[in-house]
Amino acid sequence: MADISIRSVRKAYGKDEVVHGVDLDIYDGEFIVILGPSGCGKSTLLRMIAGLEEITAGEVAIAGQVVNQMEPRERGCAMVFQNYALYPHMTVAENIGYALKVAGMAKAERIARVTQVATSVGLDGMLDRKPGQLSGGQRQRVAMARAIIREPRVFLFDEPLSNLDAKLRVQMRHEIRRIHNRIAATSVFVTHDQHEGMTLADRMVIMNKGTIEQVGTPEEVYDHPATTYVAGFIGSPAMNFLPGRISTAGRAVVLEGGARLDISAAAALGHDGLLVQVGLRPEQIAIAAPGQSGLPVRFDFAEELGSGRLYHFLHEDLPVTVHSDEKRRFAPGEPATLTVPPVAVHLFDAQTTQSLTAAAALAEARARVNA
Amino acid sequence: MIERTPVLNILTHFILAVGFILLFLPLWIAFVAATHTIQAVNSAPVELWPGNQLWVNMQEAWVKSDFGQKFVNTLIVAVAVVIGKITIAAITAFGIVFFNHRLRMVIFWLIFITLMLPLEVRIVPTYAVAANALLPFQKLMDWTGLTWLIESASGIRVAMEWNLLNSYTGLILPLIATATGTFLYRQFFLTIPDELVEAAKMDGSGPLRFLWDILIPLSRTNIAALATIMFVYAWNQYLWPLLVITDRANYGLVVVELRTLVPDSLTTGGGTPTWHLAMAATLMIMIPPILVVIFMQRWFVRGLINTDK
Ligand SMILES: Nc1ncnc2c1ncn2[C@@H]1O[C@H](COP(=O)(O)OP(=O)(O)O)[C@@H](O)[C@H]1O
Ligand SMILES: [Mg+2]
């Protein structure tokens, strides 16, 4: 059992604090993705779990044992690095087997293990090559094999796919998920790519500037973002934001310029007059049929996606993007009307950026799942 | 920058030819002188084409200077300096680059300063230390009062002495302790990606294991380059051996010995200068460094331009 518990962990380089007190529980066998923009402290957090970076304050425990003072090799973690970090002068077999050699395993046994692991990641026939003679994808496989062979309690990945081309990246992503399903070791995967995060994760951790913004399944994070930051970061194309004010009596949010959007009663309750950011996902907005009432906009331009179309509208000079399967033709500047179902209106306190709706909706959703 | 102008071509080739002649002519004259009899060498005009006395001259020079033992000595010193230097430099650079301790920069600058103090500059203190290698420790003990303490407690006055004059150790140690190698290694170590270091850590490899399993194999070309430079450097040493070795029969080196063959009023006593022997000896002495350079050339160039990674 290798659950990881992170308690108020901080990291400072000199006076410069880059991780500000992170609390996180990672369950045994779970695939956790830490997602955030470049420089938000993801790698630092991962490296503190690995033991490559000293923990300034707080506590990291693996399988119930505090590891703060332990050497990397004693922690039972294996790591896959962004640039693979293969030993250039060793053959593929030597690279994969190096940890076992250091651990003092007999040569015959080692070779048997290396061969078996290499086969499992599709590296047969390449064992005698040097890393310089391999393609990017093959190097990635060697890096994976090197981690797998140690049978670690915890797998750590630091953006391992970001040096691959798009197609290979998808392929290796599937591979990693398959390996995880087979081995079922606890995995922590760091990335700045939301697609990678959404597709791989059992649960994801959204980080921003050294703090955790939200932890949840990809579905929860997408459906019920806890802050404007998460809402804007997850989803492609990004969520639209319009400023407004809640009117409890009207059970609506009044946008600047006077337009109204219906909202659910629960969301409106107790927030009368509150200034909010209204978040609308492009894929949850519909273009209304002529004569229907809704959000008045003007057409700006459109982008063809093949599977659908992105319509860029302007509401009071603020951009509103709509992702729709409908093929409609608009002239530039032509007025149109958009409709949004009340459940798809995300409301965030303009001051705190916290969601007014997520917590309640999440609790309700989880209760439904458990029932 | 590829220019295709005939004039420039001719000019560059001309400069190349002049350079070649300037470098080659002295060697050629030495070679020619080594192949003639004493009479032919000393008669005007200067001979420009080789004669048939090379073997005879080489044999005579060899016997006259007792080169057998001295070649062995020189080889021992040169090889020991090379090995010592490669080892010390690797370990020092390893300490400076991969360990994040407080004294790192201090040590780095101390080593850097020694770059500006070659053996020739600090030859007097170095000689004093070679005469008694424990002198610095003795001074330290005297200065801190430790000697006095021991003397008043036990009645024995501590006087440490370790004489390095007339020994291989004395010849070798001061030549090993210089900074060039450390710098070559340091520059290379700095190009090793952090991830590689971390991967080794994750694989459970400790610092020494990392040095041995990963850094040293990756430094092969640097080691070859350093070994070549240092072999030639050690082989050509003159001033230091001249100073520390008075027992020339047992510890003499060939380059120093060459002096006794170069004719001056002392060696010939006013007789005919024996240039033919001096040149024959010079040729023989040049051979080992040339062989080393030729043999290591490929690695040497790669090590200096650092492309093989
Ligand atoms: N060794 C270091 N010294 C000083 N600052 C560092 C060091 N490593 C990382 N940082 C800083 O810490 C912050 C987080 O870095 P990192 O965890 O690598 O971000 P991410 O992996 O999310 O892109 C960055 O602002 C970075 O500049
Ligand atoms: Mg990073």
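Residues numbered from 1 in each chain as written. Chains lettered and ligands numbered in written order. Predicted model: local features only at pLDDT ≥ 70, side-chain atom pairs only at ≥ 80, totals over all residues. Heavy atoms only, no water.

Chemist: I'd like to hear about the domain arrangement of chain B, residue by residue, with values.
Modeler: All names here are of chain B. Segmenting chain B into domains produces domain 1 (1-65 + 262-302) and domain 2 (75-247). Computed from C-alpha coordinates alone, the two centres of domain 1 and domain 2 are separated by 35 Å. The partner domain 2 presents nine residues to the nine residues of domain 1 that form the contact. For the pair domain 1 and domain 2, the two sides together bury roughly 900 Å², of which 86% comes from carbon and sulfur. At the junction of domain 1 and domain 2, the tally comes to zero salt bridges. Here the side of domain 1 that touches domain 2 is composed, by residue class, of eight nonpolar, no polar and one charged. (Domains from an automatic or database assignment. Contact = heavy atoms within 4.5 Å. Buried area = accessible area lost by both parts, 1.4 Å probe. Salt bridge = Lys/Arg side-chain N within 4 Å of Asp/Glu carboxyl O. Nonpolar A, V, L, I, M, F, W, Y, C, P; charged D, E, K, R; others polar.)

Chemist: Give a description of the pairing of strand 19 (residues 335-339) of chain A that names residues and reports values.
Modeler: Residues and elements named next belong to chain A. The alternating pattern of strand 19 places Ala 336 and Leu 338 on a buried face, while none of Pro 335, Thr 337 and Thr 339, on the opposite face, is buried. Alignment of strand 15 (residues 286-287) against strand 19, held across two bridges, turns out to be antiparallel. Across the sheet, the residue bridging to Ala 286 is Thr 339, located in strand 19. For strand 16 (residues 295-304) and strand 19, the ladder comprises four bridges, and the chain directions are antiparallel. Its bridge partner lying in strand 19, Pro 296 is registered against Thr 337. (Buried < 20%, exposed > 50% of the residue type's maximum accessible area, 1.4 Å probe, protein only. Helix = DSSP H or I, 4+ residues; strand = E, 2+ residues; numbered from the N terminus. Pairing = 2+ DSSP bridges.)

Chemist: Explain the sheet that holds strand 5 (residues 65-66) of chain A residue by residue, including any values.
Modeler: Residues and elements named next belong to chain A. Pairing is antiparallel across the open sheet formed by four strands, whose spatial order is 2-1-4-5. Each edge of the open sheet carries a strand with a single partner, namely strand 2 (16-26) and strand 5. The pairing of strand 1 (residues 4-13) with strand 2 spans eight bridges and is classified as antiparallel. Residue pairing in the sheet places Arg 10 in a bridge with His 20 of strand 2. Running at roughly 115° to strand 1, helix 1 (residues 42-50) makes contact with strand 1, strand 2 and strand 4 (57-62) of the sheet. (Axes fitted to C-alpha atoms, helices over the stretch in contact; angles between N-to-C directions.)

Chemist: Outline unusual backbone geometry, supporting the account with residue identities and numerical values.
Modeler: Here the residue pair A:Ser236 and A:Pro237 is connected by a cis peptide bond, since its omega of 0° sits within 30 degrees of zero. The phi torsion at B:Asn166 lies on the positive side, around 55°, for a residue other than glycine. In this structure, B:Asn166 sits in the loop between helix 8 (146-154) and helix 9 (168-176). On the accessibility criterion, B:Asn166 (24% relative accessible area) is partly exposed.

Chemist: Break down the pattern of salt bridges for me, with residues and values.
Modeler: A pair can form between side chains of opposite charge whenever their charged atoms are brought close. The tally for this structure, following the rule as stated, stands at 16 salt bridges over all chains. Its salt-bridge partner being B:Glu198, residue A:Arg47 comes within 2.8 Å of it at the nearest N-O pair. You can see A:Arg47 sitting in helix 1 and its partner B:Glu198 sitting in helix 11 (residues 194-202), one on each of two chains. Of the two residues examined, A:Arg47 and B:Glu198, each falls in the buried class. The network of salt bridges with shared partners includes A:Arg7, A:Asp23 and A:Asp25.

Chemist: Which residues make up the domain arrangement of chain A, and what values go with them?
Modeler: Residue and element names in this part refer to chain A. Domain annotation of chain A identifies domain 1 (29-53 + 70-228) and domain 2 (239-370). On the side of domain 2, 14 residues touch domain 1, which itself brings 11 residues to the contact. Across the domain 1/domain 2 interface, buried area totals approximately 1000 Å², and carbon plus sulfur atoms make up 56% of it. Taken as a group, Tyr 222, His 224 and Thr 228 account for 53% of the area that domain 1 buries against domain 2, more than any other trio of residues on that side. Taken together, the connections running from domain 1 to domain 2 amount to zero salt bridges. Applying the counting criterion to the domain 1 and domain 2 interface returns four residue pairs in polar contact (both at pLDDT 80 or more). When residues of the side of domain 1 that touches domain 2 are traced back to their parent elements, those giving at least two are strand 10 (211-216) and helix 7 (218-223). Of the residues contributing to the side of domain 1 that touches domain 2, the split by class is five nonpolar, four polar and two charged. (Polar contact = N/O pair within 3.5 Å; in protein donor to acceptor, adjacent residues only side chain to side chain.)

Chemist: Please give an account of the interface of chain A and chain B that cites residues and values.
Modeler: Each partner contributes residues to the interface: chain A has 24 residues there, and chain B has 16 residues. In total, about 1800 Å² of surface goes out of reach between chain A and chain B, with carbon and sulfur atoms giving 61% of it. Contact with chain B buries surface across chain A, with A:Tyr87, A:His89 and A:Tyr98 losing the most and accounting together for 29% of the total. Between chain A and chain B we count one salt bridge in total. The interface formed by chain A and chain B contains 10 residue pairs in polar contact (both at pLDDT 80 or more). Contributions of two or more residues to the side of chain A that touches chain B are made by helix 1, strand 6 (77-80) and helix 2 (92-102) of chain A. Considering each element in turn, the side of chain A that touches chain B owes the most residues, four residues, to helix 2 of chain A. Classifying every residue of the side of chain A that touches chain B gives 16 nonpolar, three polar and five charged.

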